[in-house]
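Chain by chain, the residues:
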Amino acid sequence: MSTTTTDIGALAAALRAAIGADRVISDRQELRTYECDGLAQYKVVPALVALPADAAQCATVVRACVAAGAPFVARGSGTGLSGGALPHADGVLVVTSQMRDIVEVAPEDERAVVQPGVINLAISRAANPHGYYYAPDPSSQQICSIGGNVAENSGGAHCLKYGFTIHHVTGVELVTPDGERVRLGGRAPDTPGYDLLGAFVGSEGTLGIATEVTVRLTRLPETVRTLLAAFGTTDQAGAATSAIIAAGVVPAAVEMMDALAISAAEAAVHCGYPEGAGAVLIVELDGPAPEVDAQFAQVEALCRENRAFEIRIAADDAERALFWKGRKSAFAAVGRISPDYIVQDGVIPRTALPEVLRRIGELSAERGIRVANVFHAGDGNLHPLVLFDAAADGQAERAEEVSGAILDLCVAHGGSITGEHGVGMDKAKFMPRMFTADDLDTMHLLRCAFDPAGLANPGKVFPTPRLCGEIPGRRKGVNPAQAAGLAEVF
Amino acid sequence: MPADRTLNQLRATCRSADPVRAAGEGDHIAGVPARYVAAPRDTAQAAALLRAAADLDLAVTFRGGGTRQDWGSPPRRLDLILDTTALAGVVEHAAGDLITVVRAGARLDALAPVLAGAGQKLALDAPLPGGTVGGAVATNAAGPRRLLYGTPRDLLIGVTLVRADGVVAHAGGKVVKNVAGYDLGKLVTGAYGTLGLITECAFRLHPLPAAVAYVARTVDDAAEAGRLAAAVRGAQLVPAALEVDAPVTGPATVTVLVEGTPAGVAARADAARRLLGVDATVADRPGADWGRLPWRPGDTGLKLTVALSGVPRLLADARAAADRHGLPLALRGSAGVGVLYAGLPGTADPARVAALVDTLRAATAAAAGHTIVLTAPAAVRQRVDLWGPVDGLALMRRVKQRFDPDARLAPGRFVGGI
Ligand SMILES: Cc1cc2nc3c(=O)[nH]c(=O)nc-3n(C[C@H](O)[C@H](O)[C@H](O)COP(=O)(O)OP(=O)(O)OC[C@H]3O[C@@H](n4cnc5c(N)ncnc54)[C@H](O)[C@@H]3O)c2cc1C
């Protein structure tokens with residue numbers, strides 16, 4: 001969007017002077033390391049990379065960008081799957097990897113305060129000795145940063161019961177796109193004023209850079225019980241899921257994989273899932289022991305009623321880890337059965353699952369493109385893995401088509417184009433399929449309130465570049481647009 | 001007669017006279033009289049009315065059940081009350097997907113039986129009977145069960161809004177998991193109607209529990225209640241609510257609500273009783289004041305928030321401060337999340353009330369929290385800042401300017417005079 005004629009040399013010098021030469025990268029070779037995030041098909045080499053040590057330096061970097069009119073893009077661990085951290089060729093990539101301090105663990109407040117580069121799993125590791133953990137658990141939790149989680153409103157297998165990042169972040173300190181440091185929310189609930197924290201979470205780096213995050217810690221459950229159920233078909237597994245939900249059980253997680261995803265996981269991590277399964281379900285219950293025991297028996301019975309041909313119950317943490325290993329490695333695992341693949345992320349109302357899976361099967365057959373299905377079955381979040389060989393003629397294009405058609409299916413069923421991976425740059429073009437021009441225009445009002453100059457992660461989320469314009473002053477006389485609107489009414 | 005001309009223009013906008021009338025005696029917002037009242041029947045009509053109001057430069061305040069119109073400051077300017085009660089009814093209840101879409105004027109207490117038919121609930125307590133869905137969202141009102149289920153902002157998954165300029169916008173959707181676009185639902189939740197009109201809300205639902213138990217223990221003083229609450233919070237009971245009730249005189253009560261399967265609830269209620277002490281009682285329904293705000297119309301009502309570990313101390317300090325100022329302070333709230341409500345009689349000396357608010361503000365700030373005056377008699381309002389210090393106020397003003405540049409939506413009602 002930006003057509004800056006920024007003097008990058010001068011900006012680099014300014015940044016070096018402000019935060020130290022070793023925190024600024026301008027060497028082309030080194031810059032290349034940052035050319036993409038987890039969605040590797042898009043690559044842009046940033047003009048500069050800055051690695052601030054703390055919030056004050058982060059603000060300094062942003063102010064320098066503002067002064068130079070240069071766009072900036074925040075980056076945590078670069079595991080995002082929608083190109084959200086794709087750099088801007090004329091801008092600065094602000095990487096939080098030097099901001100990895102756990103500032104405080106306060107179990108008595110059920111809170112931890114961390115810097116944005118802290119790895120998701122590190123929070124739970126720090127809280128576990130006190131009997132607490134950080135609930136949102138994206139499959140990438142060993143590498144992704146909490147700042148990235150906040151920006152994407154990341155989910156995880158256990159968000160069916162526990163919710164997403166938005167439900168577990170109670171405060172953020174951010175650097176606004178004009179370089180101000182602002183605190184939103186905190187340790188206590190219900191901070192007065194607009195819920196700007198709620199709006200910031202999930203804003204994909206377009207409303208500023210989080211420099212400190214206060215998260216909610218959750219008491220470790222008394223008991224966790226996990227079963228793996230094998231079914232002949234995904235329809236049966238889907239019916240079992242529906243029966244569990246209809247029975248009023250809210251499992252911690254219900255995850256499904258289809259035959260192709262299972263075979264990929266077997267090849268990659270030898271998880272030993274039952275042979276011949278057309279679908280497996282992993283169902284996990286957690287909480288107070290008497291509740292879990294009562295409901296676990298019910299879940300097991302419902303799986304059998306819906307024709308599970310084998311049910312395994314994890315005897316201990318090691319076996320539970322094995323069940324999860326297959327599921328959590330599923331994305332990377334398809335690399336074993338296909339040279340290239342697209343990880344799709346869409347949402348449907350859970351009850352539409354059988355129909356949508358059938359349509360995905362048809363799409364796959366029509367275009368000759370295999371699709372492996374992995375999903376958070378409990379909340380209808382699909383992760384179809386669209387397999388292709390870029391070296392084979394036309395396959396990449398057909399895979400793109402199938403992948404896009406799956407999103408259309410989601411929207412047609414009243415779902416969403418993304419459940420957790422975000423819009424980023426990859427799905428910006430799909431936004432008009434879900435939202436009207438007025439919807440997007442209204443979202444853009446929020447962006448303009450934070451970032452009138454459009455410097456924070458431009459080109460992401462919104463399908464077309466937009467300018468903010470002046471805030472209209474108090475109206476004098478009749479505004480022509482409104483007059484037109486009224487003329488239509490009267 | 002200019003007033004009538006405006007009335008006719010508003011009626012013409014609706015293509016019908018029915019939804020618009022001249023304001024009557026009861027049509028004021030916190031004492032500020034309105035000139036007109038309009039009750040649109042659908043989003044399109046609401047949009048037409050707001051577009052007309054923009055053109056006629058009318059200041060508008062939204063009204064649902066009217067249960068919290070005395071919250072916040074009175075509007076600086078008021079011409080039109082936009083009444084949402086004709087925007088009623090359930091648009092959709094997809095039981096299998098555990099979601100519902102309802103119009104903003106639907107009453108929470110009317111919604112409950114509809115959902116209960118499918119064994120489900122919208123897990124929001126209505127602290128004031130008669131409140132609408134839109135009003136609960138606009139004030140982010142929640143009661144005891146927020147401990148387990150959160151507040152409206154946590155349960156709202158999609159929203160339809162009408163902007164100050166009459167443009168209709170949607171955000172979110174009908175699926176629980178969805179990160180497409182900005183979550184404007186969060187922005188309007190708790191915004192007191194200063195950013196736009198909420199006409200439809202989609203919510204995540206929860207199954208009705210098969211069994212519930214309220215485990216209660218009375219103790220001599222509020223501080224002891226705070227300590228018991230902390231002990232329950234540290235256990236692995238996963239209560240749905242953990243409340244403290246410390247009336248002006250007499251003993252305080254700690255109540256734990258557990259929800260779940262019959263067998264599970266029985267065992268957990270037992271565990272809760274062991275934690276609270278031998279003389280704790282177990283019941284399948286709550287006491288009469290459960291979830292009610294501890295004040296009556298015309299009183300001063302406060303909301304005190306603190307970090308969780310600050311609850312026992314706040315209970316003790318608030319009581320001590322009230323005694324020092326010679327004021328009868330009733331305290332009640334969600335000790336398990338760090339939110340307490342406090343009530344003072346409307347007849348109390350305004351200067352003393354203001355002094356107590358200052359003391360409480362310092363006490364809550366020391367534990368990372370806030371003291372907000374939700375409602376108060378005029379004499380108290382004159383002496384206190386209702387909201388106290390607000391982080392991020394400059395950004396909030398910028399948001400307001402973008403959404404309502406002419407400051408016509410409940411101007412002055414919200415923080416910092418927004
Ligand atoms: C194998 C694999 C499995 C995954 N599984 C899941 C899953 O189960 N659930 C899920 O939700 N996601 C999943 N993801 C996606 C990804 O891990 C998450 O989106 C994660 O939150 C990104 O974190 P990050 O630190 O890598 O962010 P990045 O990729 O570096 O950045 C992501 C976005 O956040 C912004 N950003 C980063 N830091 C900040 C900051 N401090 N302030 C403001 N904006 C910032 C960036 O600008 C960008 O828009 C998976 C990814 C992989 C590779």
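How each quantity is defined
Residues numbered from 1 in each chain as written. Chains lettered and ligands numbered in written order. Predicted model: local features only at pLDDT ≥ 70, side-chain atom pairs only at ≥ 80, totals over all residues. Heavy atoms only, no water. Helix = DSSP H or I, 4+ residues; strand = E, 2+ residues; numbered from the N terminus. Rg over C-alpha atoms; globule rule 2.2 N^0.38 Å. Contact = heavy atoms within 4.5 Å. Pairing = 2+ DSSP bridges. Axes fitted to C-alpha atoms, helices over the stretch in contact; angles between N-to-C directions. Near = heavy atom within 4 Å. Polar contact = N/O pair within 3.5 Å; in protein donor to acceptor, adjacent residues only side chain to side chain. Areas by Shrake-Rupley, 256 points an atom, 1.4 Å probe, with all protein chains shown as cover. Nonpolar A, V, L, I, M, F, W, Y, C, P; charged D, E, K, R; others polar. Domains from an automatic or database assignment. Disulfide = S-S within 2.5 Å. Buried < 20%, exposed > 50% of the residue type's maximum accessible area, 1.4 Å probe, protein only. Buried area = accessible area lost by both parts, 1.4 Å probe. Salt bridge = Lys/Arg side-chain N within 4 Å of Asp/Glu carboxyl O. pLDDT = per-residue confidence, 0-100.

**Student:** Would you take a moment to explain the overall build of chain A for this structure?
**Tutor:** A count of helical and extended segments in chain A gives 17 helices and 19 strands. The C-alpha radius of gyration of chain A comes to 24 Å, within 12% of the 23 Å expected for a compact globule of 490 residues. Taken over the C-alpha atoms alone, chain A extends approximately 65 × 55 × 55 Å along its principal axes. Nonlocal contacts in chain A, meaning residues at least 24 apart in sequence, comprise 72% of its contacts between residues at least 6 apart.

**Student:** How do you make sense of the sheet that holds strand S10 (residues 209-216) of chain A when you look at a structure like this?
**Tutor:** The strands making up a sheet associate through backbone hydrogen bonding, with each pair oriented either parallel or antiparallel. All names here are of chain A. With respect to topology, five strands assemble into an open sheet ordered S5-S6-S10-S8-S9, the strand pairing being antiparallel. Each edge of the sheet is formed by a strand with only one pairing partner; in this case those strands are strand S5 (102-106) and strand S9 (181-185). With strand direction ignored, the average angle separating the axes of adjacent strands in the sheet is 10 degrees. When strand S8 (residues 169-175) meets S9, the two strands line up antiparallel, connected through five bridges. Pairing of Glu173 across the sheet is with Arg183, part of S9.

**Student:** What is the right way to look at the site of the ligand in this model?
**Tutor:** Residues and elements named next belong to chain A. Around the ligand sit 33 residues, and of these Ala74, Gly76, Thr79, Ser140 and Ser145 come closest. Gly155 places a polar main-chain atom, nitrogen or oxygen, 3.0 Å from an oxygen atom of the ligand. In the environment of the ligand, an oxygen atom lies 3.3 Å from a nitrogen or oxygen atom belonging to the backbone of Glu204. Contact with the protein chains hides 95% of the accessible area of the ligand, taken as 980 Å² for the molecule alone. Classifying every residue of the shell around the ligand by side-chain character gives 10 nonpolar, 19 polar and four charged. Counting only domains with at least three residues in the shell around the ligand, you end up with domain 1 (8-95) and domain 2 (102-219).

**Student:** Would you mind showing me how to read the state of the cysteines here?
**Tutor:** Covalent bonding between the sulfur atoms of two cysteines is what defines a disulfide. Residues and elements named next belong to chain A. Evaluated as defined, the whole model comprises one disulfide over all chains. Paired by a disulfide, Cys448 and Cys468 hold their sulfur atoms 2.1 Å apart. On the sign convention where negative is left-handed, the bridge of Cys448 and Cys468, at about -90 degrees about the S-S bond, is left-handed. Highlighted residues: Cys448 in helix H16 (residues 437-450) and Cys468 in the loop between H16 and helix H17 (480-489), separated in sequence by 20 residues. Judged on exposure class, the residue Cys448 and its partner Cys468 are both buried. We note that Cys36 lacks a disulfide partner, and the nearest cysteine sulfur, in Cys144, lies 17 Å from it. No disulfide involves Cys65; its nearest neighbouring cysteine sulfur is the one of Cys58, lying 9.6 Å away. Cys65 sits in the buried class, given a relative accessible area of 0%.

**Student:** Would you take a moment to explain the domain arrangement of chain A for this structure?
**Tutor:** By convention, interface size is frequently given as the accessible area that disappears when the constituent parts associate. Domain annotation for chain A reports domain 1 (8-95), domain 2 (102-219), domain 3 (223-412) and domain 4 (437-483). A separation of 37 Å is found between the C-alpha centroids of domain 1 of chain A and domain 3 of chain A.

**Student:** Would you explain the interface of chain B and chain A in this entry?
**Tutor:** Taken together, the contact between chain B and chain A spans 90 residues of the former and 96 residues of the latter. Overall, the association of chain B and chain A removes approximately 7400 Å² of surface from exposure, summing both partners, and the carbon and sulfur fraction of that is 59%. In terms of surface lost to chain A, no three residues of chain B exceed Lys177(B), Tyr182(B) and Arg402(B), which account for 15% of the buried area on that side. Summed over the shared surface of chain B and chain A, the result is eight salt bridges. Arg233(B) is the partner of Glu110(A) in a salt bridge, and the nearest nitrogen-oxygen pair spans 3.1 Å. Across the contact surface, chain B and chain A share 30 residue pairs in polar contact (both at pLDDT 80 or more).

**Student:** Just to check I follow, could you spell out the sheet that holds strand S2 (residues 48-50) of chain A for this structure?
**Tutor:** All names here are of chain A. Taken in spatial order, the four strands of this open sheet run S1-S2-S4-S3, and their pairing is mixed. Only two strands of the sheet have a single neighbouring strand rather than two, namely strand S1 (24-25) and strand S3 (72-75). Examined bridge by bridge, S3 and strand S4 (residues 92-95) share four bridges and lie parallel to one another. Its bridge partner being in S4, Ala74 is matched across the sheet by Val94. Its contacts with the sheet put helix H1 (residues 8-19) on S1, S2 and S4, and the angle it makes with S2 is roughly 15 degrees. Against the sheet, helix H3 (residues 55-68) touches S2, S3 and S4, its axis set at about 170 degrees to S4.

**Student:** Honestly, the domain arrangement of chain B in this entry has me stumped. Any pointers?
**Tutor:** Residue and element names in this part refer to chain B. The domain boundaries assigned to chain B delineate domain 1 (3-8 + 19-83), domain 2 (90-207), domain 3 (211-283) and domain 4 (300-381). The C-alpha centroid of domain 3 is placed 29 Å from the C-alpha centroid of domain 2. The partner domain 3 presents nine residues to the six residues of domain 2 that form the contact. A per-residue breakdown of the area domain 2 buries against domain 3 is headed by Pro144, Leu147 and Leu148, which together make up 75% of the total.

**Student:** Honestly, the environment of Leu217(A) in this entry has me stumped. Any pointers?
**Tutor:** All names here are of chain A. Tracing the backbone shows Leu217 in the loop between S10 and strand S11 (218-219). Separated by 93 residues in sequence, Leu217 and Glu310 have C-alpha atoms that sit 36 Å apart. Contacts of Leu217, omitting those with residues within four sequence positions, involve Val105, Glu110, Arg111, Ala112, Ile123, Ala127, Tyr132, Tyr133 and Tyr134.

**Student:** Can you help me understand the confidence of the model for chain B in this one?
**Tutor:** Regions with low pLDDT carry predicted coordinates that are not meant to be interpreted in detail. Looking at chain B as a whole, the pLDDT averages 95, with 99% of positions reaching at least 70. Per the prediction output, this complex has pTM 0.96; the corresponding ipTM is 0.97.

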